[in-house]
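Listed below are the residues making up each chain.
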Amino acid sequence: MNLMPKTELPLTLTGRDVTAVLGPTNTGKTHLAIERLLAHRSGMIGLPLRLLAREVYNRVAERVGIANVALITGEEKINPPGARYSVCTVEAMPRQTDVDFVAIDEVQLANDLERGHIFTDRILHLRGRQETILLGAATMRGILEKLLPGISVITRPRLSNLTYAGSKKITRLPPRTAIVAFAAEEVYSIAELIRRQNGGAAVVMGTLSPRTRNKQVELYQSGDVDYLVATDAIGMGLNLDVDHVAFAQDRKFDGYQFRDLSPAEIGQIAGRAGRHLRDGTFGTTGHVSGFSEALVQRIESHAFDAVKILQWRTARFDYSNLDALKRSIDTPAPIEGLTRALPAVDQQALEFLSRDPDIAPLANTPERVALLWDACALPDYRKIAPAQHADIIASVYTDLVEKGHVNENYMAEEVRRADSIDGDIDALSRRIAQIRTWTFVSHRPGWLADQAHWQEKTREIEDRLSDALHERLTKRFVDRRTSVLMRRLRENTMLEAEISPAGDVVVEGHHVGRLDGFRFTADAQDDGTDAKAIKAAAQKALAAEFENRAERFSASANGDFALASDGTLRWVGATIASVVSGEQALKPRAVLLADEQLTGPARDKVAARVERFLSHHIDTVLKPLVDLANADALVGITKGLAFQLVENFGVLQRRDVAEEVRGLDQDSRAALRRLGVRFGAYHVFLPALLKPAPAGLLTLLWALKEDAKDRPGYGDVVQVLSAGRTSVVTDASFDPAFYRLAGYRLLGRRAVRIDILERLADLIRPALAWRPGTGVRPDGAYDGSRFLVIPAMMSILGATADDMEEILKNLGYRQEAVEPAVVAAKLAELEAVANAALKQDVPTASKVPAAEPVGPGFVNASTIEAVVKPVADVSPVVAVTTEDAPKPILLWRQARFDNRNNNRGNHEKRDNQRGGQARNGQIEQRTARPDRPSLPQNERGERKEHFRGKGKPAGNERFKQDGAKHGGKPQGQHKAPAKRPEREERPVKIDMDSPFAKLLALKEQMKK
């Protein structure tokens, strides 16, 4: 929004590429606009009513799909990403757009005192890149040609005749009549009278919510009632099957005064009679005497006075201050043919607020002035006094300025007050108007902290109130005993049945049941004489529908199907089949859920299509597992390992298949890796299955095989995986298998994702493989045989220190509690040795100051002095001797073969990274013990073996050595290599003035 003041410039208007399609009602103008809209790659159409916008939106969405159409109104926004077409109310249309086509309907409303200036603005400024169409009454021709030089005008004749039928009593009006009145009391009294005399009437008023109006219109359209009592809301393009329009009132309040209807307004409303080529009539009823002959002639010939002037208001607002804004709003019309509009609701609210001593001081910057004007756009749905409406805007604006958004408590209280379906028609109407106010607020960008929540909440309440209001109106004004269905039954005529696209089965306009997929569910019915005839008509319609649906079903794309977590297969939302266990877990069966009417070839087509989708779905979602099951090229141990992976749904604990993994050669490993298998320290698994979709399908297939859908925890663990949890506290009531199927490993009271356990192994390996003096000490390394828990380990697992203790124990590690001072002294000693070694490489002392050494391996005084606290913070606590004593630190080691920690490395990680490619020819690889990091490899790809004790080999009991090198002797006869002489340890000289001296002295003192 531009906040700088602007001067109103003379308008330069042109009608180039603009077409005006003008004529009376029932000329097909809206239909033409929709066709032209869809002829372009992108476009926008503006309509005068939210109800009409919803109707056009549905028509366009049926043609191009809901993903390509947006619906934008003040209270509702459906805006799919990449939507090519927009259906809007005129107020919701932008002043400028970048689409190929633009259409504006009912442009004669530019002369309306209340809304006219908005229509005028869009008519003058909004254009499509290629085509712009203005739709409206023929009375607009002169003013449009004057304001838009060069505009092309097309006039369309009415498709049917409209004639005057005189005046009749309400009780003698013909069926399919719309009776027009303008006061709610008059509407209700007429509807009551019609109910008593003719069975009932639907009610349509502008104060009703769009949802209620839709339901009332449907009540009339379906034939449940033959009469419609309405205000002039029906004159704005609603498509109704009306044969006759009767005026019970010819005066209305236009927002400023009571006045007589103009001939053009009467013609607009009367024109609702007749559809397409069917003629219509109009007349008067009630207290309105007949129309004059001159008026009748004008209406029948559609000859009305031309519109001479359009309402106009500037769009160039000056936000410098409140006075400047009000002056800019009052800018006079720039050209002849436009007149400055009377103060609308927003301008009236601004006038009140500018005099409010609490609000005016807040609007002290251009941005806040603009925000106030934006708040004043809040519509007055309740039609209350301007001062009361301004109070609501003041509360909203104050919150926006002071808090940045509307106060949640204030919003909640206002919404709560409207959330009640008790009361009569008037009470419900008031609550609907109130909730529509907050629905509008919820759709304003940036006005609410949790915008999506309030949009859903207010929409839910409005729908509930609308449904309750429709129920009250129907109960009050409709006698279903005289419905069309009963009338046709009494006439003993053949009943007509039809099935809507939504599956509703309707017999003579009477809803008798619903067709869901291929199953029909009848409504609960009385044992009346009509029940048999209704059922017979429904079955006749269903027989043909089943054949047609089977054809459409067999040709449906895979995207039309969905397999739910409970094994239910749906087709565009309708339940079609239930998936059950088959002979193999990956090949389940589908049981059709269809009535007996689906037989023969039609049933075969449906069953075949279901099987094709089910097979495609499993092959797509579980592709790695299916590929592994179908890998016929695998042989021997490799094929056996693949079979076990398939049988266990893609996850094996490595200790369970240690011998098989150890027996794999390099080519076999490479073959399995190409199929997506990963050899981890703790598991052999398929990483691609550790996602919500594969995990959910695996859980379903296993549950079908084990008849476990009713077991506790079914589907719950998959939701945890979808939330991205790397570990979770287990629920003892859940079946443990559900954790495994979702890719989790149970370790005590926590379940950890198996790929995260491999990342944990990647952190532990370097900590155990490191030796003092062999390089920079990795995080967590201690003395080469033990390691410390570091924050990175807890971070990837999302675990606490206590959780880590339990996880490591269950992975086979053992703990040792050590006093913090001992740990600190040991770390200080290691750092001192590392620092001394690094200092020897420094040419002069001046290059690296001794007091604050820098570089890898160095630590400063503050780091060493604080070493106890950070170690204690990240290590599990095992004991506390006194209240002031420091907590012991836990050091972790392998449960067995501890001396082999010297040579544990990153065998599997390097093996996976190399993808099975050896540096020097073929490499024979072996598997590390399950549940602990693997041993490192030498340059030839062989694992390094280390001796301990009396020359016995550690780990494997024999070495795989080159026979030529050792003279072909049996492997068990090789002698252990000679023990290397121990190097004499040279004392490390420590400067007593250095920051390490105090800690070393503490260590010596503890030894004593």
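What you see is a predicted model; the values in this text were computed from it and never measured. (Residues numbered from 1 in each chain as written. Predicted model: local features only at pLDDT ≥ 70, side-chain atom pairs only at ≥ 80, totals over all residues. Heavy atoms only, no water.)

What about the overall build of the protein chain?
Along the protein chain, the regular secondary structure elements total 33 helices and 36 strands. A sequence separation of at least 24 residues applies to 68% of the contacts in the protein chain between residues at least 6 apart. A total accessible area of about 48,700 Å² is found for the protein chain, and carbon and sulfur atoms account for 50% of it. (Helix = DSSP H or I, 4+ residues; strand = E, 2+ residues; numbered from the N terminus. Contact = heavy atoms within 4.5 Å. Areas by Shrake-Rupley, 256 points an atom, 1.4 Å probe, with all protein chains shown as cover.)

Description of the environment of Thr155
In this fold, Thr155 is placed in strand S8 (residues 152–155). For the pair Thr155 and Gly136, spaced 19 residues apart in sequence, the C-alpha to C-alpha distance is 9.9 Å. Setting aside chain neighbours within four positions, we find Thr155 in contact with Leu22 and Arg141.

Considerations on the sheet that holds strand S5 (residues 85–89)
Taken in spatial order, the eight strands of this open sheet run S4-S3-S5-S2-S6-S7-S1-S8, and their pairing is mixed. In this open sheet, the two strands that pair with only one neighbour each are strand S4 (77–78) and S8. Here two bridges tie strand S3 (residues 69–72) to S4, and the two strands are oriented antiparallel to one another. Directly across from Ile72, in S4, lies its bridge partner Lys77. In the packing of helix H1 (residues 29–38) onto the sheet, contacts are made with strand S1 (18–22), strand S2 (43–47), S5, strand S6 (101–104) and strand S7 (131–136), and the angle to S7 comes to roughly 165°. (Pairing = 2+ DSSP bridges. Axes fitted to C-alpha atoms, helices over the stretch in contact; angles between N-to-C directions.)

A closer look at the pattern of salt bridges
Applying the stated criterion across every chain yields a total of 48 salt bridges. A salt bridge links Arg313 to Asp346; the shortest N-O distance between them is 2.8 Å. Of this pair, Arg313 sits in the loop between strand S17 (310–312) and helix H9 (322–329) while Asp346 sits in helix H10 (residues 345–354), and the two are 33 residues apart along the sequence. For the pair Arg313 and Asp346, a shared accessibility class is recorded, and that class is buried. A salt bridge links Asp803 to Arg750; its shortest N-O distance comes to 3.3 Å. Placement of the pair is Asp803 in helix H28 (residues 801–810) and Arg750 in strand S32 (residues 750–753), with a sequence separation of 53 residues. Assessed through its relative accessible area of 6%, Arg750 is described here as buried. Within the structure, one salt-bridge network assembled from shared partners comprises Arg50, Arg54, Glu76, Arg459 and Glu462. (Salt bridge = Lys/Arg side-chain N within 4 Å of Asp/Glu carboxyl O. Buried < 20%, exposed > 50% of the residue type's maximum accessible area, 1.4 Å probe, protein only.)

A closer look at the nonpolar core
By size, the foremost hydrophobic cluster in this structure holds 75 residues, and its most contacted members are Val610, Leu622 and Leu672. The element contributing the most residues to this core is helix H23 (residues 692–706), with eight residues. Residues in contact with Val610, not counting those within four places in the same chain, are Phe553, Leu569, Ile576, Ala577, Ala590 and Leu592. With 65 residues, the next largest nonpolar core counts Ala201, Tyr319, Val369 and Cys376 among its residues. (Core = buried A, V, L, I, M, F, W, Y, C linked by side-chain atoms within 4.5 Å.)

A few points about the packing of helix H13 (residues 408–418) against helix H15 (residues 451–477)
Angle between the axes and distance between the axes: these two values describe a pair of packed helices. Two numbers describe how H13 lies on H15: the axes approach to 10 Å, and their chain directions differ by 10°. If you check the angle between H13 and H15, you find them roughly parallel. At the point where H13 passes H15, the crossing takes the left-handed sense. Along its contact with H13, which presents Glu408, Met411, Ala412, Val415 and Ala418, the element H15 presents Trp454, Lys457, Thr458, Ile461 and Leu465. Here the contact of H13 with H15 is built from residues that sort into seven nonpolar, one polar and two charged. (Parallel < 35°, antiparallel > 145°, perpendicular 65-115°, else oblique. Left-handed = near helix turned anticlockwise from the far one by under 90°. Nonpolar A, V, L, I, M, F, W, Y, C, P; charged D, E, K, R; others polar.)

A short note on the packing of aromatic side chains
The full count for this structure, using the stated rule, is 19 aromatic pairs. Relative to Trp571, the ring of Phe518 lies with its centre 6.4 Å away and its plane at 5°, an arrangement referred to as stacked. One end of the pair, Phe518, is in the loop between strand S21 (510–516) and strand S22 (519–522); the other, Trp571, is in strand S24 (residues 568–571), with 53 residues separating them in the sequence. Owing to a relative accessible area of 1%, Phe518 belongs among the buried residues under this scheme. Under the relative-accessibility criterion, Trp571 is labelled buried at 7%. Of the aromatic side chains, those joined through ring pairs into one cluster are Phe518, Phe546, Phe553, Phe561, Trp571 and Phe613. We note Arg355 situated over the ring of Phe352; from NZ or CZ to the ring centre the distance is 5.4 Å. (Phe/Tyr/Trp six-rings, centres within 6.5 Å; stacked < 30°, edge-to-face > 60°. Lys NZ or Arg CZ within 6 Å of the ring centre and 35° of its normal.)

Some remarks on the pairing of S5
Buried residues dominate S5, accounting for five of its five residues. In S5, alternate side chains face the same way, and those of Tyr85, Val87 and Thr89 on one face and Ser86 and Cys88 on the other are all buried. Pairing of S2 with S5, which is carried by five bridges, proceeds in the parallel orientation. Looking across to S5, one finds that Leu47 is bridged to Thr89. With four bridges joining them, S3 and S5 adopt parallel strand pairing. When the bridges of S5 are listed, Ala70 appears paired with Ser86.

What about unusual backbone geometry?
Its identity as a non-glycine residue notwithstanding, Glu106 has a phi of 55°, on the positive side. Examined against the element boundaries, Glu106 turns out to sit in the loop between S6 and helix H3 (116–125). A relative accessible area of 8% places Glu106 in the buried class. We note that Lys383 has phi near 55°; this positive angle belongs to a residue other than glycine. With respect to the helices, strands and loops of the structure, Lys383 is situated in the loop between helix H11 (366–375) and helix H12 (386–402).

So, H10
For H10, every residue scored as buried is listed here: Asp346, Gln347, Ala349, Leu350, Leu353 and Ser354. Down the axis of H10, the smallest arc covering the buried residues is 160°, so these residues share one side. Residues of H10 that are buried sit in contact with H9, H11 and H12. (Arc of directions from axis to C-beta.)

Description of the side chain of Glu462
Summarising the element assignment, Glu462 is placed in helix H15. For Glu462, a relative accessible area of 1% corresponds to the buried category.

Details of the packing of H1 against helix H2 (residues 50–64)
Here H1 crosses H2 at 40°, and the two axes come no closer than 11 Å. Put simply, H1 runs oblique to H2. Viewed along their axes, H1 and H2 form a crossing whose handedness is right-handed. Here Thr30, His31, Ile34, Glu35, Leu37 and Leu38 of H1 come into contact with H2, specifically with Val56, Arg59, Val60, Arg63 and Val64. When its residues are assigned to classes, the contact of H1 with H2 shows six nonpolar, two polar and three charged.

Considerations on the sheet that holds strand S31 (residues 744–747)
As summarised here, the arrangement of the three strands in space is S30-S32-S31, forming an open sheet in which the pairing is antiparallel. Two strands close off the open sheet at either side, each with one partner strand: strand S30 (727–729) and S31. Strand-to-strand twist in this sheet, taken as the mean axis angle between neighbours without regard to direction, amounts to 25°. For S30 and S32, the ladder comprises three bridges, and the chain directions are antiparallel. Bridging from a neighbouring strand, Val728 pairs with Ala751 of S32. Against the sheet, helix H26 (residues 754–769) engages S31 and S32, with an angle of about 80° to S32.

A few points about the pairing of S6
The two faces of S6 match: Phe101 and Ala103 on one face and Val102 and Ile104 on the other face are all buried. For the segment spanning S6, H3 and S7, crossover handedness is right-handed. (Right-handed = clockwise from strand over helix to strand, strands pointing away.)

Remarks on the side chain of Arg654
Here Arg654 shows up in the loop between strand S27 (651–653) and helix H21 (658–662). The exposure class of Arg654 is buried, given its relative accessible area of 0%. Here the side chain of Arg654 touches Gly680 through a polar contact of 2.7 Å, landing on its backbone oxygen. (Polar contact = N/O pair within 3.5 Å; in protein donor to acceptor, adjacent residues only side chain to side chain.)

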